Amino acid sequence: MQDNAAEQARIANVHPPGWENPRAKDRYHMVVVGGGTGGLVTAAIAAGLGATTALIERHWMGGDCLNVGCVPSKALLRAARAWHAAATAHERFGGPAVAGQRDFAAAMRRMRQIRADISGLDSASRFRDLGVDVFFGEARFTGVDTIAVDGQDLCFRSAVIATGTRPAIPPIPGLAESGFLTNETIFSLAEVPRRLAVIGGGPIGCELAQAFARFGSAVTVMEQGDTLLGKDDPEAAGVVSAALARDGVRLLTNTTMERVDGTNPVVLHVTRNGRSEQVEADAILVASGRVPNVEDLGLDAAGVGFDERRVITDDRLRTSNRRVFAVGDITARAPFTHAADAHARMVVQNALFFGRKKVTDLVIPWCTYTQPELAHVGMKWEAVNAGGDEFEAVTIPLHDVDRARLDGDDEGFLRVHLRKGSDRIAAATLVADHAGDIIAQLSMAMQQGLGLSAIGAAIFPYPTHAEVLRKAADAWRKRKLTPRVLGLFRFFFRIVR
Ligand SMILES: Cc1cc2nc3c(=O)[nH]c(=O)nc-3n(C[C@H](O)[C@H](O)[C@H](O)COP(=O)(O)OP(=O)(O)OC[C@H]3O[C@@H](n4cnc5c(N)ncnc54)[C@H](O)[C@@H]3O)c2cc1C
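Residues numbered from 1 in each chain as written. Predicted model: local features only at pLDDT ≥ 70, side-chain atom pairs only at ≥ 80, totals over all residues. Heavy atoms only, no water.

### Quick word on the site of the ligand
Logical step 1: Contacts to the ligand come from 38 residues, most closely from Gly 38, Glu 57, Lys 74, Asp 329 and Thr 337.
Logical step 2: Summarising the interface, the protein chains cover 93% of the accessible area of the ligand, which totals 1000 Å² for the free molecule.
Logical step 3: Taken together, the elements giving at least two residues each to the shell around the ligand come down to α2 (37-48), β2 (53-57), α3 (63-68), α4 (70-93) and α11 (337-352).
Logical step 4: Looking at which element gives the most residues to the shell around the ligand, the answer is α3, with four residues.
Logical step 5: Counted by class, the shell around the ligand contains 14 nonpolar, 17 polar and seven charged residues. (Near = heavy atom within 4 Å. Areas by Shrake-Rupley, 256 points an atom, 1.4 Å probe, with all protein chains shown as cover. Helix = DSSP H or I, 4+ residues; strand = E, 2+ residues; numbered from the N terminus. Nonpolar A, V, L, I, M, F, W, Y, C, P; charged D, E, K, R; others polar.)

Following this line, the structure appears as structure tokens:
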């Protein structure tokens, strides 16, 4: 009942029943297609600056992040973490042994309530009050400067495409017939599946695998690559894999899906390291990539180039139509909410004020919110590895950080790649509790052109997890103490005796 109320409150915000689209103005300075993070931030800033602005959303304001992405997943991860802490309190800290009732419905209720509460910020009425003309309906370009929605034509000076992505469904024989979950449906589950098979070991697959394992599912993750989290430093991904394995997740890497049979249970036929195997499950979660929402957008009519992965943009996020820009996941540049937000801030200047902001100047970190978290900023690790001698690495094991030991979360490490001979940060990977929060300090340093020694000059409260940063700076400083410099110091102390 209360759950229903939360859902109704969210829907009243993100797609109010009975909403009447406004009458289109003769011409808009800015028309934004898609009401996820990228579209909402673009529209709010443009309208705030006085530009006549329209926003078109076909489904839910807030897009993936609010409704079926970051928000519900992080709420469930938090609940799963609490369950796990309770279940391990005795063995880890001598606390009371807990063997109580598990209430998945309560965890889902909490998630829905928080999601409903947060949805007010993305609501259609709030955006209308900000001065944005909010249209619900399918947007379709009808020319180089017109978009049709709900029987009206919107004429624009600039337009921004922010239509995001949706789950890619792999062409596995039998999968459709057996049925599967995606991020669009898993947050509506009423019960924990007894056995959950996750196809895809990327961030979404890993986060949800850990959450559901902690809720009591027997989870198997199937990944075609040879590690989970294939975009990250393999050693860091290995720490996350070990944590998942400790939570009881079965990890099948180098695994190709052959076919799926049955409905209840389902049987997944896979080939693993060249051998056939079968995995039985009660539910399948597909988390094996994303495809762009470009169909039916009329991009050809607008002269906007696209391919199977994205709307193609230049360094200033402009498409092949000079009036039309794109932001967020649809650009396939960095599929994160904070990236969509950063794109949006940039694109308003580029589209409305002849700005020359470049997307490649942005420093965009990312984080997978498993426990421990895995965060990264800067160049991709393959590029750093390929760079060989151009970089030098400083690695601090978390075991050297008192707070990590005190909390019992000392698996993991910080690795900072510096440009050889300087303290300029090229990339950093941190696998640790709260890694996402801590990496933000490195992001800030990189964006401001500060080096590792500037971080080391700051005073960190003791004991904190963030001290790992100062330790990295100390380690780098110590390295500069070459035998020659040390010799000079020794000589100095001899003469001042
Ligand atoms: C399970 C999951 C967890 C995630 N967790 C995180 C996280 O912790 N941190 C993080 O940074 N990122 C996370 N992400 C990624 C994040 O959700 C996306 O990067 C973000 O939502 C991108 O915003 P966007 O505006 O580009 O697109 P979207 O949020 O996808 O919004 C696009 C909008 O466009 C609308 N639309 C599409 N086509 C049309 C059309 N023709 N006409 C009108 N409207 C249209 C859609 O309905 C949608 O509302 C997660 C994603 C998932 C799936």
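### Brief notes about the pairing of strand β5 (residues 146-149)
Logical step 1: Here β5 shows no split at all, with Thr 146 and Ala 148 on one side and Ile 147 and Val 149 on the other all buried.
Logical step 2: Note that strand β4 (residues 140-143) and β5 share three bridges and pair antiparallel. Within β5, the residue paired with Gly 143 across the bridge is Thr 146.
Logical step 3: Hairpin connection of β4 to β5: two residues between the antiparallel strands.
Logical step 4: Here β5 runs beside strand β6 (residues 152-161); their pairing, made up of four bridges, is antiparallel. Bridged to Val 149 within β6 is Gln 152.
Logical step 5: Hairpin geometry of β5 and β6 is characterised by an intervening segment of two residues between the two adjacent antiparallel strands and by a positive phi of about 45 degrees at Asp 150. (Buried < 20%, exposed > 50% of the residue type's maximum accessible area, 1.4 Å probe, protein only. Pairing = 2+ DSSP bridges.)

### A closer look at unusual backbone geometry
For residues that are not glycine, phi is negative in most cases, and the peptide bond is trans in most cases.
Logical step 1: Geometrically, the link from Asn 264 to Pro 265 is a cis peptide bond, its omega value of 5 degrees lying close to zero.
Logical step 2: For the bond running from Gln 371 to Pro 372, omega is 0 degrees, close enough to zero to count as cis.
Logical step 3: Along the polypeptide, Pro 372 turns up in the loop between β17 (366-368) and β18 (373-378).
Logical step 4: The backbone phi angle of Asn 254 is positive, close to 45 degrees, even though this residue is not glycine.
Logical step 5: In this structure, Asp 296 takes a positive phi of about 60 degrees despite not being glycine.

### Focus: the sheet that holds strand β13 (residues 275-281)
Logical step 1: The antiparallel open sheet is built from three strands, whose spatial order is β11-β12-β13. Only two strands of the sheet have a single partner each, and these edge strands are β11 (255-261) and β13. Going from strand to strand, the sheet's axes swing by 25 degrees on average, the running direction of each strand aside.
Logical step 2: Sheet topology note: the β11/strand β12 (residues 266-272) ladder contains six bridges and is antiparallel. Counterpart to Arg 259 in the pairing with β12 is His 269. (Axes fitted to C-alpha atoms, helices over the stretch in contact; angles between N-to-C directions.)

Functional significance is not addressed by these values, which are geometric in nature.
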